[in-house]
Amino acid sequence: SREKEKSRKQWYQRRVRVINTLFDALQLYESMGLLTQHITKVLLTILLCTIQPVLSTIDQWLAHGDLNNSTGELFLCRDPDIECNSREYWDAGLTFKLRGRDKTEQVPGILLAVCEKMLKAGKAIELIKNLGKLGVPDANIFHVLLTKYLGNYVVEKEPEKAVVLSSTASGMAVVDHLMLSMFQDIQVAETPKPPIYCKIWQSIDKLHIIPSTSILKILVPLMEDRCSQVSFNLLTTLRSHFSLDAHLDTLRRAMLMEAGLNMSTFCNEMYRDVYAGEKIRIMNAFLRECLHSQTPFTSILRMEVTNPQNSSSSCAEIDIFQTVTLIYNPPFPVDVVLDENLLHIYQNVFRLLLQINYAAWCIQPLSLMSFHDSPVSTAVHCFRYRLTNFIQLLQAYTMQRVLHCTGAEMRQELDKANELDQYAEIHRKYCLQMEEFCLLTGEFRTMLSAIRHALNEAVKFRRLWDMGEVGSDKMDKIIKEVNKCIAFVTNLVKKRNQVSNFPQPHFDWLETCLA
């Protein structure tokens, strides 16, 4: 079997070389003008007849979603071990035959410019078929090519059946349908089709001048249009029948807390549990109740808490929120866009927002007090205002400057997407940008650590305030630690803006507010 497969690959590569050689020879003789016109016509006929099986295979494939490549005409292969309704299909279900090899060795030169689009369109049409959303197939690619290139090529309809009498009727042809009832023994025969090369040669031979336009200028746009239309049909199907946009909105409303008051109501229950020293409850029913009016996909959203008892007195209190995870299981084929790596970014952003908002929840009652409501020193009141301003600044930066602004830009870009890969790439870049701007990447680890330390000191500040120990040494230590963290973060942001070669408005805004 290995020798047979090796032989098929060698034969396939020879076929590619034959097509490339014919095309190069055609271009050479076309440049010589009328002196070699007859040779040009012969070469053109052979080339068109040679690529006809390849284009017919592609046409059937892009029209009906079946990759029937038993004769080895196509340079793509389908992995039979990967099912179409699996996440792996989109990445590895359809590949080039000779993996890791130069595409010029396996793709005919006339199709080299569109081979990647054909790969995407092939995956798209099979997925559309699997989803039961196949539409009406377009016109035959090869016939459209001949019609546009040759001009005088006429696509004939299917041959009509001619009624012929048997020998009992002396072999006379029936021209009057009334005579059919007079003969019981009737043979129905089909008029035989002439070979395709005969029709092509007849059309080419009638041309006085071979078209000066290169065949590539017609074939490449034709293939690009067909592939783009198939890819666009898949994206339209996912957005209209499988609510792709609505799934993205669900993630943003839940994990990025864009549900507003509804999500705040859910989070406040966790904040009360943590501040009271209790375990964080798993509140899936309450979560779905809060988001029910915002999204129809609450059934695939759930909350998990890992190792809720793994907390010691030396651990920062806000670290407890690192154990909270919102799990979202998007159905196929939505998971082509929402893969596990991107969902992990959403979860990390959600945990960061929990920490910032918990610190804000702790400080909020203190920020509403007037100067005369509590007999504390002026320095403590000034620190309270500064701490409140710092936490509110972090909230405004993450929720408005990062999540809201980048989200609005992403939605505008998604509306312009024409294929699923483009849509997925826009969303992937958005997630990576969101991760960077929220300081969750490795280069901002030190800055994020300082911010989390300041948030934890804010929680300690609230506890000391409630216990009436605002004048103790512990309070002085908290004030020093928070001031050091704010100064450290301010310097890091300032240095980042100085060394950056690209404008970063979000960091410029953060530096201005911190100053």
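Since this is a predicted model, take the numbers as computed values, not measurements.

## Looking at the side chain of H427
Along the chain, the position of H427 falls in helix α13 (residues 420–437). For H427, the contacting residues outside a window of four places in its chain are L248, V337, L338, L342, Y346, M410 and L414.

## Some thoughts on empty space enclosed by the protein
Here the idea is plain: a probe the size of a water molecule rolls over the atoms and shows the empty space left. Overall, the coordinates contain three cavities of 30 Å³ or more when judged by the stated rule. Taken as a whole, the largest cavity holds about 60 Å³ of empty space. Residue assignment for the lining of the largest cavity shows that the elements contributing at least two residues are α11 (340–367), α12 (378–415) and α14 (445–467). Partitioned by chemical class, the residues of the lining of the largest cavity number nine nonpolar, one polar and no charged.

## Side note on helix α9 (residues 261–275)
Since one α-helical turn is 3.6 residues long, residues separated by three or four positions face the same way. In this model α9 runs 20 Å from its N-terminal to its C-terminal C-alpha over 15 residues, within 8% of the 21 Å that 1.5 Å per residue would give. Those residues of α9 that sit buried are M263, F266, C267, M270, Y271, D273, V274 and Y275. Phi turns positive one or two residues past the end of α9, at G277, with a value near 80°.

## Topic: the pairing of strand β5 (residues 301–305)
Here β5 shows a buried face lined by L301, M303 and V305 and an unburied face lined by R302 and E304. Here β5 runs beside strand β6 (residues 324–328); their pairing, made up of five bridges, is antiparallel. Following the sheet pairing, M303 is matched in β6 by L326.

## With respect to the pattern of salt bridges
According to the stated counting rule, one finds 19 salt bridges in the structure shown. The residue E126 makes a salt bridge to R78 at a minimum N-O spacing of 2.9 Å. In this pair, E126 is assigned in helix α4 (residues 115–130) and R78 in strand β1 (residues 76–78), connecting sequence segments 48 residues apart. Classification of E126 by relative accessible area gives buried; the value is 17%. A relative accessible area of 23% means that R78 is categorised as partly exposed. The salt bridge partner of E443 is R496, with a shortest N-O separation of 2.7 Å. Taken together, the residues E443 in the loop between α13 and α14 and R496 in helix α15 (residues 473–499) connect sequence positions 53 residues apart. Taken together, the shared-partner salt bridges connect E269, R272, D273 and R281 into one network.

## Examining the environment of R463
Structurally, the position occupied by R463 is in helix α14. Sequence separation of R463 and I363 is 100 residues, and the distance between their C-alpha atoms is 9.9 Å. At 2.9 Å, the side chain of R463 and the backbone oxygen of Y275 are in polar contact.

## A word on helix α10 (residues 284–291)
For α10, the complete set of buried residues consists of N284, L287, C290 and L291. One face of α10 carries all of its buried residues, which in axial projection span an arc of 125°. Exposed side of α10, more than 90 degrees from the buried face: A285 and E289 are the residues found there. Tucked inside the fold, the buried residues of α10 contact α8 (244–255), α9, β5 and β6.

## Observations concerning the state of the cysteines
This structure, assessed with the given rule, holds zero disulfides. Take C267: it sits in no disulfide, and the sulfur closest to it among the cysteines is that of C290, at 8.9 Å. Under the relative-accessibility criterion, C267 is labelled buried at 2%.

## As for the confidence of the model for the protein chain
Summarising the model, the protein chain shows a mean pLDDT of 82, and 82% of its residues fall at 70 or more. Across residues 158–180, where pLDDT falls below 50, the model places 28 contacts with residues more than four positions away in sequence or in other chains. Taken together, the stretch residues 182–190 has pLDDT below 50 and engages in 15 contacts with residues farther than four places along the chain or on a different chain.

## Side note on the nonpolar core
L48, I58, L111, L145, M263 and F461 are the most contacted members of the largest nonpolar core, which has 156 residues in total. Among all residues touching L145, those that are not within four sequence positions of it are L48, I51, L55, L150, I215, I218, L219 and L222.

## Description of the packing of aromatic side chains
Evaluated as defined, the whole model comprises 12 aromatic pairs. Measuring from centroid to centroid gives 5.8 Å for Y271 and F321, while their planes differ by 80°, and the two rings are edge-to-face. Remark: F321 occurs in the loop between β5 and β6 and Y271 occurs in helix α9; sequence separation between them is 50 residues. Its relative accessible area of 2% is what places Y271 among the buried residues. Residue classification places F321 among the buried residues on the basis of a relative accessible area of 0%. Between F321 and Y358 the ring centres are 5.1 Å apart and the planes differ by 55°, which places this aromatic pair in the tilted class.

## Section: the environment of N130
With respect to the helices, strands and loops of the structure, N130 is situated in helix α4. On the basis of relative accessible area, N130 is assigned to the partly exposed category, the value being 41%. For N130, the contacting residues outside a window of four places in its chain are C84, N85 and F332.

## Some remarks on the packing of α8 against α13
The interhelical angle for the contact between α8 and α13, taken along N-to-C directions, is 10°, at an axis separation of 13 Å. Put simply, α8 runs roughly parallel to α13. Of the residues in α13, those in contact with L244, D245, L248 and R252 of α8 are L420, Y423, H427 and Y430. Its residues assigned to classes, the contact of α8 with α13 shows five nonpolar, one polar and two charged.

## Here we look at unusual backbone geometry
Geometrically, the link from F332 to P333 is a cis peptide bond, its omega value of 5° lying close to zero. One can find P333 in the loop between β6 and α11. The phi dihedral of S243 falls on the positive side, at around 55°, and the residue is not glycine. Note on placement: S243 falls in the loop between α7 (216–241) and α8. Relative accessible area serves as the criterion here: at 26%, S243 is assigned to the partly exposed category. Phi at M257 takes a positive value of approximately 60°, unusual for a residue other than glycine.

Definitions and cut-offs
- Residues numbered from 1 in each chain as written.
- Predicted model: local features only at pLDDT ≥ 70, side-chain atom pairs only at ≥ 80, totals over all residues.
- Heavy atoms only, no water.
- Helix = DSSP H or I, 4+ residues; strand = E, 2+ residues; numbered from the N terminus.
- Contact = heavy atoms within 4.5 Å.
- 1 Å grid on protein atoms, 1.4 Å probe; cavity = no way out; pocket = protein on both sides within 12 Å on 5 of 7 lines; lining within 4 Å.
- Points joined across faces, edges and corners; volume = space filled by probe spheres on them.
- Nonpolar A, V, L, I, M, F, W, Y, C, P; charged D, E, K, R; others polar.
- Expected span 1.5 Å × (residues − 1).
- Buried < 20%, exposed > 50% of the residue type's maximum accessible area, 1.4 Å probe, protein only.
- Pairing = 2+ DSSP bridges.
- Salt bridge = Lys/Arg side-chain N within 4 Å of Asp/Glu carboxyl O.
- Polar contact = N/O pair within 3.5 Å; in protein donor to acceptor, adjacent residues only side chain to side chain.
- Arc of directions from axis to C-beta.
- Disulfide = S-S within 2.5 Å.
- pLDDT = per-residue confidence, 0-100.
- Core = buried A, V, L, I, M, F, W, Y, C linked by side-chain atoms within 4.5 Å.
- Phe/Tyr/Trp six-rings, centres within 6.5 Å; stacked < 30°, edge-to-face > 60°.
- Axes fitted to C-alpha atoms, helices over the stretch in contact; angles between N-to-C directions.
- Parallel < 35°, antiparallel > 145°, perpendicular 65-115°, else oblique.

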